[in-house]
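Architecture at a glance
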Amino acid sequence: MSTSSESPEPTSMAEPRTSDRESSDRDRPDSTPTEPAVPDVPTSVLPAATTSGIWLPGARDPRRSYIATSPVREAAASGFDLLADQLPPVPLTAHQSEGRWGADAIGRAGGLLTELHVDRTSYGWRLTASAGKDERLEDSALIEAFDAIAEYGGFRPGQVQISLPGPWTLVTALSLSSGARVLGDYGARRDVVQAYAFGIAAFTDRIAGLGMQPTVRLVESRLNPVLTGTWPTVSGWASLPAISETQVWAALESTLRHLPPTVLALPDLDSLHLQGKEIPAAEAVRRTGARSVSVPLASLRSHSWEQLATLAEAGLGTWIHLPPTAGGRSDAVNHWCERIRTPWSRIGMGVTSLREFGIIAGPELPLTYPPLLEDQQGIGPEHNRGTMTIAAGLRRALEEIE
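Description of the structure in this document. (Residues numbered from 1 in each chain as written. Predicted model: local features only at pLDDT ≥ 70, side-chain atom pairs only at ≥ 80, totals over all residues. Heavy atoms only, no water.)

A few words now on the packing of aromatic side chains. Tallied over the entire structure, the rule returns 2 aromatic pairs. When the ring of Trp305 is compared with that of Trp344, the centres are 6.2 Å apart and the planes differ by 65°; the resulting orientation is edge-to-face. One end of the pair, Trp305, is in helix α10 (residues 302-313); the other, Trp344, is in helix α11 (residues 332-346), with 39 residues separating them in the sequence. Take Trp305: its relative accessible area is 4%, and that puts it in the buried class. Look at Trp344 and you get buried, because its relative accessible area is 0%. Seen from their ring centres, Trp344 and Phe357 are 4.9 Å apart, and the 75° between their planes marks the pair as edge-to-face. Remark: Phe357 occurs in strand β12 (residues 357-360) and Trp344 occurs in helix α11; sequence separation between them is 13 residues. Take Trp344 and Phe357: they sit in the same class, and that class is buried. Members of the aromatic cluster, joined through ring pairs, are Trp305, Trp344 and Phe357. (Phe/Tyr/Trp six-rings, centres within 6.5 Å; stacked < 30°, edge-to-face > 60°. Helix = DSSP H or I, 4+ residues; strand = E, 2+ residues; numbered from the N terminus. Buried < 20%, exposed > 50% of the residue type's maximum accessible area, 1.4 Å probe, protein only.)

This part is about the environment of Leu316. Note that Leu316 resides in the loop between α10 and β11 (317-321). Judged by its relative accessible area of 10%, Leu316 is buried. Taking the C-alpha atoms as reference points, Leu316 and Arg291, 25 residues apart in sequence, are found 5.0 Å from one another. Those residues within four positions of Leu316 in sequence are excluded, and the remaining contacts are Val285, Ala290, Arg291 and Leu311. (Contact = heavy atoms within 4.5 Å.)

Moving on: unusual backbone geometry. With the exception of glycine, the majority of residues adopt a negative phi angle, and the majority of peptide bonds are in the trans configuration. Even without glycine at this site, Glu115 takes up a positive phi of about 65°. Structurally, Glu115 is set in the loop between α3 (105-110) and β2 (117-121). The exposure class of Glu115 is partly exposed, given its relative accessible area of 48%. Phi angles above zero are rare outside glycine, and Gln275 is one such case at about 50°. Tracing the backbone through its elements, the reader meets Gln275 in the loop between β8 (272-274) and β9 (277-279).

On to α11. Its 15 residues give α11 an end-to-end C-alpha distance of 21 Å, which sits within 8% of 21 Å, the value for a rise of 1.5 Å per residue. Listed in full, the buried residues belonging to α11 are Ala332, His335, Trp336, Cys337, Ile340, Pro343 and Trp344. Within two residues after α11, Gly348 carries a phi angle of roughly 90°, on the positive side. (Expected span 1.5 Å × (residues − 1).)

This brings us to the pattern of salt bridges. As enumerated under the stated definition, the model contains 7 salt bridges in all. Ionic pairing is found between Lys277 and Glu245, a salt bridge with its closest N-O pair at 3.4 Å. With Lys277 in strand β9 and Glu245 in helix α8 (residues 245-257), the pair connects residues that are 32 residues apart, well separated along the chain. Residue classification places Lys277 among the partly exposed residues on the basis of a relative accessible area of 27%. Residue Glu245 is classed as buried on the basis of its relative accessible area, which comes to 2%. Glu338 serves as the salt-bridge partner of Arg341, at 2.5 Å between the closest nitrogen and oxygen. With Arg341 and Glu338 both in helix α11 and 3 residues apart, the pair spans about one turn of that helix. Via salt bridges that share partners, Glu245, Lys277 and Arg287 belong to a single interconnected network. (Salt bridge = Lys/Arg side-chain N within 4 Å of Asp/Glu carboxyl O.)

Structure representation (structure tokens):
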């Protein structure tokens, strides 16, 4: 049943195109190897704690001087050092100077849009007719990021997981040049979803060109307000109309179809309530076409575990996201193992099936502040390393359950 009076015409996708910006990047002698190795193309996201989540580092502040190294290279060195230790996903990010708004997740995603341009305003990111200063900073950061990835992680075997906002999360964060929300304009949101899918596909191709096996983690945190018509207008005094289920699922399915193996990250597995109809989370995930899903452990209640079991029995990959403080206990591995095993057993699932669970650790996708190696709570690289170690230990513990 539609939740909007709009036409339920699904978002269509063509084969991924390459923008002029991406073509020029490939022509740079320092952007990719002359004869890149062709890695094995993964067919699924392995349920293991051995991937590294890559945040594209942000542009350097021209007012600061980095003599020994840039923050981008510092982030790359730290992130791939963790990957070398066979640890699970860790955000690979760069420090930002005080007052610098850039490098939040939306800025990173906007820089990947194919044949669309963005700029930063006082009310957030907006679409523009041509590239401005902010987009050029993002492009410069992207070039430096790939140089750093090539230097510290190039030709490293195994899967590398790239964390990005989901298409609908990106749509809710963008405005038109007039200031109106992209979400409220059918043509604009269709163009953004399509350009984003093309951009991510081109981006992962470049990662593969460095000899890695890219996978994607799309963090889709705003599906509920999009579907229920509760996402606010720019003024905040009203809400935008709900988008029909058909359009929402079709856009996600089309995006996922053009990407490498992808984990769809959701904030919870609660049911959707649309016009008096209850849609179980497992059904909603199935309609997106996702083959793997992740969810924060803290959000799982009894009915959520049942939905997770439904997804697992349907053959979908299931990932659990540990809280950032997961490594704060001396008995952390045993503690988190029981936090997962007890409710899983309570709903009648065999504990040996926990071997198929993937574990994600570290900070969640930041949408309102720059992703830092040292975040607002003072959690720095060493704390991240501790959290990654706990997650890797938990993965081993789940694999050894009899």
